[in-house]
Amino acid sequence: MPPILQRLQQATKMMSRRKILLLVLGCSTVSLLIHQGTQLSWYPKLFPLSCPPLRNSPPRPKHMTVAFLKTHKTAGTTVQNILFRFAERHNLTVALPHPSCEHQFCYPRNFSTHFVHPATRPPHVLASHLRFDRAELERLMPPGTIYVTILREPAAMFESLFSYYNQYCPAFRRVPNASLEAFLRAPEAYYRAGEHFAMFAHNTLAYDLGGDNERSPRDDAAYLAGLIRQVEEVFSLVMIAEYFDESLVLLRRLLAWDLDDVLYAKLNARAASSRLAAIPAALARAARAWNALDAGLYDHFNATFWRRVARAGRACVEREARELREARQRLLRRCFGDEPVLRPAAQIRTKQLQPWQPSRKVDIMGYDLPGGGAGLATEACLKLAMPEVQYSNYLLRKQKRRGGARARPEPVLDNPPPRPIRVLPRGPQGP
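Rules used throughout
- Residues numbered from 1 in each chain as written.
- Predicted model: local features only at pLDDT ≥ 70, side-chain atom pairs only at ≥ 80, totals over all residues.
- Heavy atoms only, no water.
- UniProt positions renumbered as here; feature names shortened; annotations may be inferred.
- Phe/Tyr/Trp six-rings, centres within 6.5 Å; stacked < 30°, edge-to-face > 60°.
- Helix = DSSP H or I, 4+ residues; strand = E, 2+ residues; numbered from the N terminus.
- Buried < 20%, exposed > 50% of the residue type's maximum accessible area, 1.4 Å probe, protein only.
- Lys NZ or Arg CZ within 6 Å of the ring centre and 35° of its normal.
- Pairing = 2+ DSSP bridges.
- Contact = heavy atoms within 4.5 Å.
- Axes fitted to C-alpha atoms, helices over the stretch in contact; angles between N-to-C directions.
- Arc of directions from axis to C-beta.
- Expected span 1.5 Å × (residues − 1).

The chain is annotated in an unreviewed UniProt entry as Galactose-3-O-sulfotransferase 3 from Cebus imitator. Looking at the chain in UniProt, the text filed under Subcellular location (unreviewed entry) is "Golgi apparatus, Golgi stack membrane". Reading the Pathway (unreviewed entry) entry of the UniProt record for the chain gives the comment "Protein modification; carbohydrate sulfation."

Student: Go over the packing of aromatic side chains with me, naming the residues and quoting the values.
Tutor: Here the structure, examined in full by the defined rule, presents 25 aromatic pairs. When the ring of Phe86 is compared with that of Trp257, the centres are 3.7 Å apart and the planes differ by 15°; the resulting orientation is stacked. With Phe86 in helix 2 (residues 76-89) and Trp257 in the loop between helix 9 (244-255) and helix 10 (281-290), the pair connects residues that are 171 residues apart, well separated along the chain. Comparing Phe86 with Trp257 shows no difference in burial state: the two are buried. Aromatic side chains Phe183 and Tyr190 sit 6.0 Å apart centroid to centroid with 25° between the ring planes, which places their arrangement in the stacked category. Comparing Phe183 with Tyr190, the two get one shared label, buried. Every member of this aromatic cluster is reached through a ring pair, and the members are Tyr107, Tyr164, Tyr165, Phe197, Phe200, Tyr207 and Trp356. Here Lys73 stacks its cationic end above the ring of Tyr164, 3.7 Å away from the centre of that ring. Residue placement shows Arg131 over the ring face of Tyr207; its charged tip is 3.8 Å from the ring centre.

Student: So what's going on with the sheet that holds strand 3 (residues 66-69)? Residues and values would help.
Tutor: Strand order in the open sheet formed by 5 strands is 4-5-3-6-7, and the pairing between neighbours is parallel. Looking at the sheet topology across the chains shown, the edges are occupied by strand 4 (94-95) and strand 7 (235-240). Here strand 3 pairs with strand 6 (residues 146-151) via 4 bridges, running parallel. The partner of Leu69 across the bridge, within strand 6, is Thr149. This element, helix 8 (residues 221-234), spans strand 6 and strand 7 of the sheet and lies at about 110° to strand 7. Across the sheet, helix 11 (residues 292-312) lies against strand 6 and strand 7, angled at about 100° from strand 7, the strand it touches most.

Student: I'd like a rundown of helix 10, residues and numbers included.
Tutor: For helix 10, every residue scored as buried is listed here: Leu283, Ala284, Ala287 and Trp290. Buried residues of helix 10 fall within an arc of 130° about the axis and therefore sit on the same side. Exposed residues lying more than 90 degrees from the buried face of helix 10 are Ala281 and Arg285. Check the buried side of helix 10 and you find it contacts helix 4 (154-164), helix 6 (180-185) and helix 11.

Student: For the pairing of strand 6, give the residues involved together with the corresponding values.
Tutor: Both faces of the sheet carry side chains from a regular strand, because those side chains alternate between them. Counted residue by residue, strand 6 has 6 buried out of 6 residues, so it is predominantly covered. Of the two faces of strand 6, the one carrying Ile146, Val148 and Ile150 and the one carrying Tyr147, Thr149 and Leu151 are both buried.

Student: With reference to specific residues and values, describe helix 14 (residues 388-402).
Tutor: Turn by turn, an α-helix covers 3.6 residues, leaving residues three or four places apart pointing in a common direction. With 15 residues, helix 14 extends 21 Å between its outermost C-alpha atoms, agreeing within 8% with the 21 Å of an ideal straight helix rising 1.5 Å per residue. Regarding helix 14, the residues found buried are Glu388, Val389, Gln390, Tyr391, Ser392, Tyr394, Leu395, Leu396 and Gln399.

Student: Can you explain unusual backbone geometry? Please cite residues and give values.
Tutor: Tyr107 connects to Pro108 through a cis peptide bond whose omega is 15°. By the secondary structure assignment, Pro108 is in the loop between strand 4 and strand 5 (125-126). Following Arg121, the chain continues into Pro122 via a peptide bond in cis, with omega recorded as -10°. Turning to its location among the elements, Pro122 is positioned in the loop between strand 4 and strand 5. Even without glycine at this site, Ala75 takes up a positive phi of about 75°. Along the chain, Ala75 turns up in the loop between strand 3 and helix 2.

In C-alpha coordinates form, the structure reads like this:
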(Lines give C-alpha, C1' and ligand atoms only; values in the text may rest on other atoms or scores of the structure.)
Protein backbone atom coordinates (compact mmCIF):
# COMPACT_ATOMS: atom_id res chain seq x y z
CA MET A 1 0.00 0.00 0.00
CA PRO A 2 1.41 3.44 -0.89
CA PRO A 3 2.62 5.47 2.16
CA ILE A 4 0.01 8.21 1.66
CA LEU A 5 -2.82 5.63 1.80
CA GLN A 6 -1.31 4.07 4.95
CA ARG A 7 -1.30 7.48 6.66
CA LEU A 8 -4.90 8.11 5.58
CA GLN A 9 -5.98 4.75 6.99
CA GLN A 10 -4.25 5.45 10.30
CA ALA A 11 -5.90 8.87 10.55
CA THR A 12 -9.31 7.33 9.87
CA LYS A 13 -8.80 4.79 12.67
CA MET A 14 -7.79 7.55 15.09
CA MET A 15 -10.92 9.55 14.23
CA SER A 16 -13.12 6.48 14.75
CA ARG A 17 -11.60 5.81 18.18
CA ARG A 18 -12.20 9.46 19.18
CA LYS A 19 -15.86 9.24 18.11
CA ILE A 20 -16.32 6.10 20.20
CA LEU A 21 -14.71 7.82 23.20
CA LEU A 22 -17.04 10.80 22.90
CA LEU A 23 -20.08 8.54 22.69
CA VAL A 24 -18.98 6.60 25.76
CA LEU A 25 -18.41 9.72 27.84
CA GLY A 26 -21.68 11.35 26.80
CA CYS A 27 -22.07 14.81 25.30
CA SER A 28 -23.12 16.43 28.57
CA THR A 29 -19.86 15.58 30.35
CA VAL A 30 -17.39 15.40 27.51
CA SER A 31 -13.78 15.69 28.59
CA LEU A 32 -11.03 16.53 26.15
CA LEU A 33 -7.37 15.80 26.59
CA ILE A 34 -5.51 18.53 24.73
CA HIS A 35 -1.83 18.00 24.08
CA GLN A 36 0.16 21.21 24.46
CA GLY A 37 3.83 20.42 24.01
CA THR A 38 4.64 18.15 26.94
CA GLN A 39 1.63 19.23 29.00
CA LEU A 40 -1.86 17.78 28.96
CA SER A 41 -4.77 19.82 30.23
CA TRP A 42 -8.32 18.65 30.95
CA TYR A 43 -11.42 20.80 30.84
CA PRO A 44 -15.04 20.30 29.90
CA LYS A 45 -16.42 21.59 26.62
CA LEU A 46 -19.88 23.11 26.35
CA PHE A 47 -21.47 23.22 22.92
CA PRO A 48 -23.32 24.43 20.99
CA LEU A 49 -23.76 27.95 22.29
CA SER A 50 -27.36 29.08 22.27
CA CYS A 51 -26.48 32.48 20.82
CA PRO A 52 -23.85 32.08 18.11
CA PRO A 53 -22.44 35.09 16.24
CA LEU A 54 -24.26 36.41 13.20
CA ARG A 55 -23.63 34.33 10.10
CA ASN A 56 -22.08 37.23 8.24
CA SER A 57 -19.53 37.98 10.98
CA PRO A 58 -16.37 35.85 10.78
CA PRO A 59 -15.26 34.13 14.02
CA ARG A 60 -12.68 36.08 16.01
CA PRO A 61 -9.63 34.48 17.57
CA LYS A 62 -9.60 34.39 21.35
CA HIS A 63 -8.26 37.58 22.88
CA MET A 64 -5.15 36.78 24.91
CA THR A 65 -4.23 40.03 26.69
CA VAL A 66 -6.44 40.98 29.63
CA ALA A 67 -5.98 43.24 32.66
CA PHE A 68 -8.52 42.64 35.42
CA LEU A 69 -8.77 45.24 38.19
CA LYS A 70 -9.52 42.96 41.15
CA THR A 71 -11.60 45.06 43.53
CA HIS A 72 -12.11 44.02 47.16
CA LYS A 73 -14.97 41.77 48.28
CA THR A 74 -16.68 41.69 44.88
CA ALA A 75 -16.16 38.03 43.78
CA GLY A 76 -12.88 39.15 42.22
CA THR A 77 -11.00 36.07 43.44
CA THR A 78 -13.30 33.84 41.40
CA VAL A 79 -12.69 35.96 38.27
CA GLN A 80 -8.96 35.87 38.98
CA ASN A 81 -9.04 32.06 39.07
CA ILE A 82 -10.81 31.98 35.70
CA LEU A 83 -8.05 34.15 34.21
CA PHE A 84 -5.24 32.17 35.84
CA ARG A 85 -6.58 28.89 34.44
CA PHE A 86 -7.08 30.39 30.97
CA ALA A 87 -3.51 31.70 31.02
CA GLU A 88 -2.17 28.27 31.98
CA ARG A 89 -4.09 26.46 29.26
CA HIS A 90 -2.73 28.83 26.62
CA ASN A 91 0.80 29.12 28.03
CA LEU A 92 0.39 32.86 28.71
CA THR A 93 2.50 34.91 31.13
CA VAL A 94 0.66 36.21 34.20
CA ALA A 95 1.94 39.37 35.90
CA LEU A 96 2.57 38.55 39.56
CA PRO A 97 3.71 40.72 42.47
CA HIS A 98 7.27 41.20 43.65
CA PRO A 99 7.95 39.13 46.81
CA SER A 100 7.98 42.27 48.97
CA CYS A 101 4.37 42.85 47.93
CA GLU A 102 3.20 39.32 48.78
CA HIS A 103 0.11 38.49 46.68
CA GLN A 104 -1.03 42.05 45.99
CA PHE A 105 0.84 44.64 43.94
CA CYS A 106 1.96 46.52 47.07
CA TYR A 107 -1.61 47.60 47.77
CA PRO A 108 -2.65 50.14 49.09
CA ARG A 109 0.09 52.08 47.27
CA ASN A 110 -0.59 53.28 43.73
CA PHE A 111 0.39 50.59 41.25
CA SER A 112 3.88 50.75 39.80
CA THR A 113 5.60 48.50 37.26
CA HIS A 114 8.37 48.10 39.86
CA PHE A 115 5.95 45.98 41.90
CA VAL A 116 5.86 43.27 39.19
CA HIS A 117 8.16 40.28 39.55
CA PRO A 118 10.74 40.35 36.71
CA ALA A 119 10.09 36.67 35.86
CA THR A 120 6.49 37.58 35.00
CA ARG A 121 7.23 40.31 32.48
CA PRO A 122 6.16 41.08 29.81
CA PRO A 123 2.73 39.72 30.74
CA HIS A 124 -0.39 38.78 28.84
CA VAL A 125 -2.69 38.64 31.88
CA LEU A 126 -2.89 40.67 35.09
CA ALA A 127 -5.41 39.82 37.82
CA SER A 128 -4.01 40.47 41.32
CA HIS A 129 -5.08 43.25 43.69
CA LEU A 130 -3.72 46.71 42.95
CA ARG A 131 -4.68 50.35 43.16
CA PHE A 132 -5.37 51.49 39.63
CA ASP A 133 -2.86 53.73 37.88
CA ARG A 134 -3.56 54.03 34.18
CA ALA A 135 -0.14 55.26 33.04
CA GLU A 136 1.76 52.55 34.93
CA LEU A 137 -0.50 49.77 33.68
CA GLU A 138 -0.18 50.96 30.10
CA ARG A 139 3.60 50.84 30.51
CA LEU A 140 3.34 47.20 31.62
CA MET A 141 0.60 45.69 29.45
CA PRO A 142 0.92 45.31 25.67
CA PRO A 143 -1.07 47.43 23.23
CA GLY A 144 -4.53 46.04 22.62
CA THR A 145 -4.97 44.84 26.20
CA ILE A 146 -8.62 44.70 27.25
CA TYR A 147 -9.31 46.13 30.72
CA VAL A 148 -12.19 44.80 32.83
CA THR A 149 -13.28 45.14 36.44
CA ILE A 150 -16.17 44.21 38.74
CA LEU A 151 -18.36 46.17 41.18
CA ARG A 152 -20.72 45.06 43.95
CA GLU A 153 -23.71 46.70 45.60
CA PRO A 154 -22.10 48.99 48.22
CA ALA A 155 -24.16 47.98 51.27
CA ALA A 156 -23.49 44.26 50.78
CA MET A 157 -19.86 44.99 49.95
CA PHE A 158 -19.41 47.12 53.08
CA GLU A 159 -20.86 44.39 55.31
CA SER A 160 -18.32 41.99 53.81
CA LEU A 161 -15.43 44.45 54.25
CA PHE A 162 -16.42 45.11 57.87
CA SER A 163 -16.44 41.40 58.63
CA TYR A 164 -13.35 40.37 56.65
CA TYR A 165 -11.04 43.23 57.68
CA ASN A 166 -12.33 43.76 61.20
CA GLN A 167 -9.01 42.82 62.81
CA TYR A 168 -6.86 44.94 60.49
CA CYS A 169 -8.69 48.18 59.76
CA PRO A 170 -8.28 50.56 62.76
CA ALA A 171 -11.68 52.19 62.17
CA PHE A 172 -13.36 48.80 62.50
CA ARG A 173 -11.31 47.72 65.51
CA ARG A 174 -12.48 50.77 67.48
CA VAL A 175 -16.14 49.75 67.27
CA PRO A 176 -17.50 48.15 70.47
CA ASN A 177 -18.50 44.52 70.04
CA ALA A 178 -17.54 44.64 66.35
CA SER A 179 -20.98 46.07 65.61
CA LEU A 180 -21.62 47.16 62.03
CA GLU A 181 -24.74 48.97 63.20
CA ALA A 182 -22.74 50.96 65.77
CA PHE A 183 -20.19 51.98 63.13
CA LEU A 184 -22.82 53.14 60.64
CA ARG A 185 -24.70 55.14 63.30
CA ALA A 186 -21.65 57.40 63.70
CA PRO A 187 -18.82 56.45 61.30
CA GLU A 188 -16.95 59.71 61.93
CA ALA A 189 -16.45 58.66 65.55
CA TYR A 190 -14.30 55.69 64.45
CA TYR A 191 -12.88 56.62 61.05
CA ARG A 192 -9.55 58.43 60.61
CA ALA A 193 -8.62 59.34 57.04
CA GLY A 194 -5.06 58.44 56.15
CA GLU A 195 -4.63 55.56 58.58
CA HIS A 196 -3.21 52.32 57.25
CA PHE A 197 -6.02 50.30 55.66
CA ALA A 198 -8.46 53.19 56.19
CA MET A 199 -9.63 52.69 52.61
CA PHE A 200 -11.45 49.51 53.67
CA ALA A 201 -13.76 51.66 55.79
CA HIS A 202 -14.74 54.32 53.24
CA ASN A 203 -15.48 54.18 49.49
CA THR A 204 -13.24 51.19 48.80
CA LEU A 205 -14.39 50.84 45.18
CA ALA A 206 -13.44 54.43 44.42
CA TYR A 207 -10.05 53.94 46.05
CA ASP A 208 -9.32 50.73 44.12
CA LEU A 209 -10.21 52.51 40.88
CA GLY A 210 -7.60 55.18 41.65
CA GLY A 211 -10.05 57.80 42.90
CA ASP A 212 -10.07 59.97 46.00
CA ASN A 213 -12.20 58.04 48.46
CA GLU A 214 -12.59 61.10 50.72
CA ARG A 215 -14.61 63.04 48.13
CA SER A 216 -18.37 63.22 48.55
CA PRO A 217 -20.74 63.47 45.57
CA ARG A 218 -23.07 65.49 47.79
CA ASP A 219 -20.42 68.20 48.02
CA ASP A 220 -18.87 67.74 44.58
CA ALA A 221 -21.08 66.01 42.01
CA ALA A 222 -18.60 66.86 39.26
CA TYR A 223 -15.96 64.64 40.88
CA LEU A 224 -18.14 61.54 40.63
CA ALA A 225 -18.99 62.34 37.02
CA GLY A 226 -15.30 62.74 36.21
CA LEU A 227 -14.39 59.46 37.90
CA ILE A 228 -17.10 57.67 35.93
CA ARG A 229 -15.71 59.12 32.68
CA GLN A 230 -12.21 57.91 33.55
CA VAL A 231 -13.46 54.39 34.23
CA GLU A 232 -15.45 54.35 30.98
CA GLU A 233 -12.40 55.49 29.01
CA VAL A 234 -10.29 52.55 30.20
CA PHE A 235 -12.53 49.60 31.00
CA SER A 236 -14.25 47.74 28.18
CA LEU A 237 -16.48 45.90 30.64
CA VAL A 238 -17.58 46.62 34.20
CA MET A 239 -19.08 43.41 35.57
CA ILE A 240 -21.66 43.34 38.36
CA ALA A 241 -21.18 40.82 41.17
CA GLU A 242 -24.92 40.36 41.80
CA TYR A 243 -25.29 39.17 38.19
CA PHE A 244 -22.12 37.13 38.05
CA ASP A 245 -23.10 34.58 35.41
CA GLU A 246 -24.53 37.24 33.10
CA SER A 247 -21.28 39.17 33.60
CA LEU A 248 -19.25 36.14 32.54
CA VAL A 249 -21.38 35.75 29.42
CA LEU A 250 -20.55 39.35 28.48
CA LEU A 251 -16.89 38.76 29.36
CA ARG A 252 -16.54 35.68 27.19
CA ARG A 253 -18.26 37.51 24.30
CA LEU A 254 -15.96 40.51 24.68
CA LEU A 255 -12.88 38.26 24.61
CA ALA A 256 -14.26 35.82 21.99
CA TRP A 257 -13.77 32.99 24.47
CA ASP A 258 -15.80 29.79 24.71
CA LEU A 259 -18.31 29.41 27.49
CA ASP A 260 -16.22 26.63 29.03
CA ASP A 261 -13.39 29.16 29.42
CA VAL A 262 -15.41 30.90 32.13
CA LEU A 263 -16.58 27.91 34.16
CA TYR A 264 -15.76 28.41 37.82
CA ALA A 265 -15.99 27.33 41.44
CA LYS A 266 -16.96 30.00 43.96
CA LEU A 267 -13.86 31.06 45.92
CA ASN A 268 -13.13 33.06 49.08
CA ALA A 269 -16.73 32.74 50.31
CA ARG A 270 -17.57 33.30 53.98
CA ALA A 271 -19.49 30.76 55.99
CA ALA A 272 -23.10 31.67 56.78
CA SER A 273 -22.11 32.15 60.43
CA SER A 274 -19.64 34.87 59.40
CA ARG A 275 -22.07 37.12 57.52
CA LEU A 276 -25.45 38.76 57.88
CA ALA A 277 -28.19 36.70 56.28
CA ALA A 278 -29.89 39.91 55.17
CA ILE A 279 -28.92 43.54 55.64
CA PRO A 280 -31.79 45.54 57.17
CA ALA A 281 -33.04 48.32 54.91
CA ALA A 282 -32.05 51.09 57.35
CA LEU A 283 -28.54 49.67 57.65
CA ALA A 284 -28.23 49.42 53.87
CA ARG A 285 -29.25 53.06 53.48
CA ALA A 286 -26.68 54.11 56.08
CA ALA A 287 -23.95 52.09 54.35
CA ARG A 288 -24.75 53.66 50.98
CA ALA A 289 -24.84 57.15 52.49
CA TRP A 290 -21.42 56.67 54.13
CA ASN A 291 -20.04 55.20 50.89
CA ALA A 292 -21.83 57.64 48.59
CA LEU A 293 -19.04 57.69 46.03
CA ASP A 294 -19.17 53.91 45.70
CA ALA A 295 -22.96 54.04 45.52
CA GLY A 296 -22.79 56.52 42.65
CA LEU A 297 -20.28 54.36 40.76
CA TYR A 298 -22.33 51.22 41.28
CA ASP A 299 -25.64 52.78 40.27
CA HIS A 300 -24.16 54.17 37.06
CA PHE A 301 -22.40 50.99 35.97
CA ASN A 302 -25.27 48.74 37.00
CA ALA A 303 -27.47 50.73 34.61
CA THR A 304 -24.89 50.58 31.79
CA PHE A 305 -24.49 46.83 32.40
CA TRP A 306 -28.16 46.20 31.68
CA ARG A 307 -28.09 48.42 28.62
CA ARG A 308 -25.25 46.25 27.38
CA VAL A 309 -27.24 43.10 28.10
CA ALA A 310 -30.15 44.57 26.14
CA ARG A 311 -27.90 45.25 23.15
CA ALA A 312 -26.65 41.65 23.25
CA GLY A 313 -30.22 40.35 23.54
CA ARG A 314 -31.45 39.78 27.07
CA ALA A 315 -33.14 36.45 26.35
CA CYS A 316 -29.99 35.27 24.61
CA VAL A 317 -27.73 36.28 27.52
CA GLU A 318 -30.07 34.65 30.03
CA ARG A 319 -30.08 31.38 28.07
CA GLU A 320 -26.30 31.39 27.94
CA ALA A 321 -26.08 32.16 31.67
CA ARG A 322 -28.38 29.22 32.34
CA GLU A 323 -26.18 26.96 30.21
CA LEU A 324 -23.17 28.21 32.16
CA ARG A 325 -24.83 27.35 35.49
CA GLU A 326 -25.80 23.88 34.27
CA ALA A 327 -22.30 23.15 32.93
CA ARG A 328 -20.78 24.51 36.15
CA GLN A 329 -22.88 22.13 38.26
CA ARG A 330 -21.80 19.19 36.11
CA LEU A 331 -18.19 20.21 36.52
CA LEU A 332 -18.46 20.66 40.30
CA ARG A 333 -20.05 17.21 40.65
CA ARG A 334 -17.36 15.69 38.47
CA CYS A 335 -14.62 17.29 40.57
CA PHE A 336 -15.98 17.29 44.12
CA GLY A 337 -18.56 14.53 44.30
CA ASP A 338 -22.27 14.05 43.63
CA GLU A 339 -23.21 16.72 46.20
CA PRO A 340 -20.38 19.29 46.10
CA VAL A 341 -20.40 21.54 49.14
CA LEU A 342 -18.22 24.32 50.45
CA ARG A 343 -16.35 23.24 53.58
CA PRO A 344 -14.62 25.05 56.45
CA ALA A 345 -10.83 25.19 56.08
CA ALA A 346 -10.38 22.79 59.03
CA GLN A 347 -12.29 20.11 57.10
CA ILE A 348 -10.27 20.43 53.89
CA ARG A 349 -7.63 17.70 53.77
CA THR A 350 -5.90 18.90 50.60
CA LYS A 351 -3.42 21.53 51.78
CA GLN A 352 -3.32 23.24 48.41
CA LEU A 353 -7.06 23.96 48.71
CA GLN A 354 -7.13 25.34 52.26
CA PRO A 355 -8.20 29.02 52.05
CA TRP A 356 -6.47 31.72 54.07
CA GLN A 357 -8.40 32.74 57.18
CA PRO A 358 -8.43 36.49 58.00
CA SER A 359 -9.27 35.99 61.68
CA ARG A 360 -10.79 33.62 64.22
CA LYS A 361 -14.15 35.37 63.75
CA VAL A 362 -14.41 34.78 60.00
CA ASP A 363 -14.57 31.36 58.36
CA ILE A 364 -13.59 31.25 54.69
CA MET A 365 -14.90 28.15 52.94
CA GLY A 366 -13.46 26.03 50.16
CA TYR A 367 -13.76 22.75 48.28
CA ASP A 368 -11.89 19.50 48.82
CA LEU A 369 -11.06 16.72 46.38
CA PRO A 370 -12.58 13.28 46.96
CA GLY A 371 -10.07 10.75 48.29
CA GLY A 372 -8.10 8.69 45.84
CA GLY A 373 -8.26 11.15 42.94
CA ALA A 374 -5.37 11.19 40.51
CA GLY A 375 -4.48 12.14 36.97
CA LEU A 376 -5.30 14.97 34.62
CA ALA A 377 -8.87 15.47 35.82
CA THR A 378 -7.68 15.79 39.43
CA GLU A 379 -5.08 18.38 38.41
CA ALA A 380 -7.73 20.43 36.61
CA CYS A 381 -10.10 20.18 39.58
CA LEU A 382 -7.31 21.25 41.92
CA LYS A 383 -6.76 24.43 39.90
CA LEU A 384 -10.50 25.08 39.73
CA ALA A 385 -10.72 25.38 43.54
CA MET A 386 -7.21 26.60 44.35
CA PRO A 387 -7.19 29.76 46.54
CA GLU A 388 -5.41 32.90 45.43
CA VAL A 389 -2.31 32.56 47.61
CA GLN A 390 -1.51 28.99 46.56
CA TYR A 391 -2.27 29.61 42.87
CA SER A 392 -0.13 32.77 42.79
CA ASN A 393 2.79 30.91 44.37
CA TYR A 394 2.39 28.02 41.94
CA LEU A 395 2.31 30.29 38.88
CA LEU A 396 5.33 32.26 40.06
CA ARG A 397 7.39 29.07 40.51
CA LYS A 398 6.26 27.79 37.12
CA GLN A 399 7.07 31.03 35.30
CA LYS A 400 10.44 31.38 37.00
CA ARG A 401 11.37 27.88 35.80
CA ARG A 402 10.13 28.66 32.31
CA GLY A 403 12.14 31.87 32.15
CA GLY A 404 15.28 30.46 33.75
CA ALA A 405 14.93 33.04 36.50
CA ARG A 406 15.63 30.70 39.40
CA ALA A 407 19.28 31.74 39.66
CA ARG A 408 18.64 35.48 39.40
CA PRO A 409 18.78 37.47 42.64
CA GLU A 410 15.50 39.09 43.58
CA PRO A 411 15.63 42.88 43.10
CA VAL A 412 15.16 44.99 46.20
CA LEU A 413 12.40 47.58 46.21
CA ASP A 414 13.12 51.07 47.44
CA ASN A 415 10.75 52.05 50.25
CA PRO A 416 8.95 48.70 50.48
CA PRO A 417 5.35 48.89 51.66
CA PRO A 418 4.10 47.77 55.06
CA ARG A 419 3.63 44.03 55.21
CA PRO A 420 0.21 43.22 53.73
CA ILE A 421 -2.50 41.62 55.79
CA ARG A 422 -2.21 38.32 53.98
CA VAL A 423 1.02 37.46 55.80
CA LEU A 424 -0.38 37.97 59.28
CA PRO A 425 -0.59 34.76 61.35
CA ARG A 426 -3.83 32.82 61.20
CA GLY A 427 -4.08 32.59 64.97
CA PRO A 428 -5.75 29.75 66.82
CA GLN A 429 -8.90 28.45 65.23
CA GLY A 430 -12.15 28.48 67.11
CA PRO A 431 -14.02 25.28 67.96
